Amino acid sequence: MTISGKTEIPAVDLGHGVAMPMVGFGTWQLHGRSAYEAVRHALRAGYRHIDTATIYRNEPEVGRALRDSGLDRNDVFVTTKLPPGNAGRARATISQSLTALGTDHVDLWLVHWAPRGRASPQLWQEFLALRDEGLTRAVGVSNYSVRQIDELIAVSEGGRGGGRGPAVNQIPWSPSRYDPALLAAHAERGVAVEGYSPLKGTRLRDPVLAEIAAKHQVTPAQVVLRWHLELGIIIIPKSARPERIESNLDLFGFTLTAEEIARINRL
Ligand SMILES: NC(=O)c1ccc[n+]([C@@H]2O[C@H](COP(=O)([O-])OP(=O)(O)OC[C@H]3O[C@@H](n4cnc5c(N)ncnc54)[C@H](OP(=O)(O)O)[C@@H]3O)[C@@H](O)[C@H]2O)c1
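Residues numbered from 1 in each chain as written. Predicted model: local features only at pLDDT ≥ 70, side-chain atom pairs only at ≥ 80, totals over all residues. Heavy atoms only, no water.

Caption draft 1: Broad picture of the overall build of the protein chain. Secondary structure assignment for the protein chain yields 10 helices and 11 strands. Looking at the protein chain residue by residue over its 267 residues, the buried ones come to 55%. For the protein chain, restricting intrachain contacts to residue pairs at least 6 apart in sequence, the fraction spanning at least 24 positions comes to 73%. Of the accessible surface of the protein chain, which amounts to about 11700 Å², a share of 50% is contributed by carbon and sulfur atoms. The centroid of the 31 positive side-chain charges in the protein chain is displaced by 6 Å from the centroid of its 28 negative side-chain charges. (Helix = DSSP H or I, 4+ residues; strand = E, 2+ residues; numbered from the N terminus. Buried < 20%, exposed > 50% of the residue type's maximum accessible area, 1.4 Å probe, protein only. Contact = heavy atoms within 4.5 Å. Areas by Shrake-Rupley, 256 points an atom, 1.4 Å probe, with all protein chains shown as cover. Lys, Arg positive; Asp, Glu negative; His and termini not counted. Charge placed at Lys NZ, Arg CZ, Asp CG, Glu CD.)

Caption draft 2: The arrangement of the sheet that holds strand 10 (residues 192-196) in detail. One open sheet holds the eight strands; their spatial order is 4-5-6-7-8-9-10-11, and the pairing between them is parallel. Each having just a single partner strand, strand 4 (25-26) and strand 11 (234-235) make up the two edges of the open sheet. (Pairing = 2+ DSSP bridges.)

Caption draft 3: Structural view of the pattern of salt bridges. As enumerated under the stated definition, the model contains 14 salt bridges in all. As a salt-bridge pair, Glu151 and Arg147 come within 3.1 Å of each other at their nearest N and O atoms. Taken together, the positions of Glu151 and Arg147, both in helix 5 (residues 146-155) and four residues apart, correspond to about one turn of that helix. Of the residues examined, Glu151 reaches a relative accessible area of 34% and is grouped as partly exposed. On the basis of relative accessible area, Arg147 is assigned to the exposed category, the value being 57%. (Salt bridge = Lys/Arg side-chain N within 4 Å of Asp/Glu carboxyl O.)

Caption draft 4: Examining the layout of surface pockets more closely. Volume-wise, the largest pocket comes out at about 690 Å³. Along the walls of the largest pocket sit 28 residues, with Ser197, Pro198, Lys200, Pro237 and Lys238 positioned nearest its centre. Tallied by class, residues from the lining of the largest pocket come to 12 nonpolar, 11 polar and five charged. (1 Å grid on protein atoms, 1.4 Å probe; cavity = no way out; pocket = protein on both sides within 12 Å on 5 of 7 lines; lining within 4 Å. Points joined across faces, edges and corners; volume = space filled by probe spheres on them. Nonpolar A, V, L, I, M, F, W, Y, C, P; charged D, E, K, R; others polar.)

Next comes the structure, spelled out in structure tokens:
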């Protein structure tokens, strides 16, 4: 499955006809004019997936950039997140996000962290109800453990595979966090892994990355991002700089060999 725009971006099937582009644009710590400009540039560069959150306080700028881009709303995948402190106000929170974004639905809505460290099945039922009403096309979680995901699957009608567990878990990921057992646990449960802070969490000057980058005539950052894609992990790199926004999406002109992937796994 691919998303066609300027760049053919592979997509993950979240079920219910929802395709999530494997490369998106992260917007944490982007505010005001720079958030607007960065998202505009990302959409011009070919990104068709934007990651925001209520707590990033940039939903109005993301929404304005989206509208000013002239792109069809249905051609851009938009994620936002509920702050755990708003767990008792799910409907009001998504309504505020939709108003700020200037859209009648988002594509993915995440519980940003487990409220007070608990899986919160009741909140999950509200997420599912709001999805069924069409305010979001898919629902998921962020920073959840596999045990917490299992709690949600256990209370969801249909259980595992019934399409009512989390579609996505957005968690920190980078070579130093490589954990094949964690990936396998998500795959077994049908939960897509979306990795955050791929670059922040990596020592980009590592000689192994430099050597692999030189061989493919790309940057170490591109090697790290490509490595995520090779593992099937959705990425949402953030940058405020136009040239980095472009290069962070330019990941489809090379592939990593099994040996290169194994070397990066060991970093
Ligand atoms: N769910 C959660 O709890 C959670 C937590 C953290 C992040 N996130 C999401 O994940 C997104 C990505 O994570 P992140 O923003 O923490 O980290 P990131 O995308 O790994 O790294 C961003 C940092 O790397 C720099 N950078 C970007 N491209 C680069 C390149 N090609 N070469 C060298 N440096 C580069 C950026 O600086 P410049 O801007 O100066 O280029 C910025 O300082 C966030 O924006 C947010 O949407 C979610």
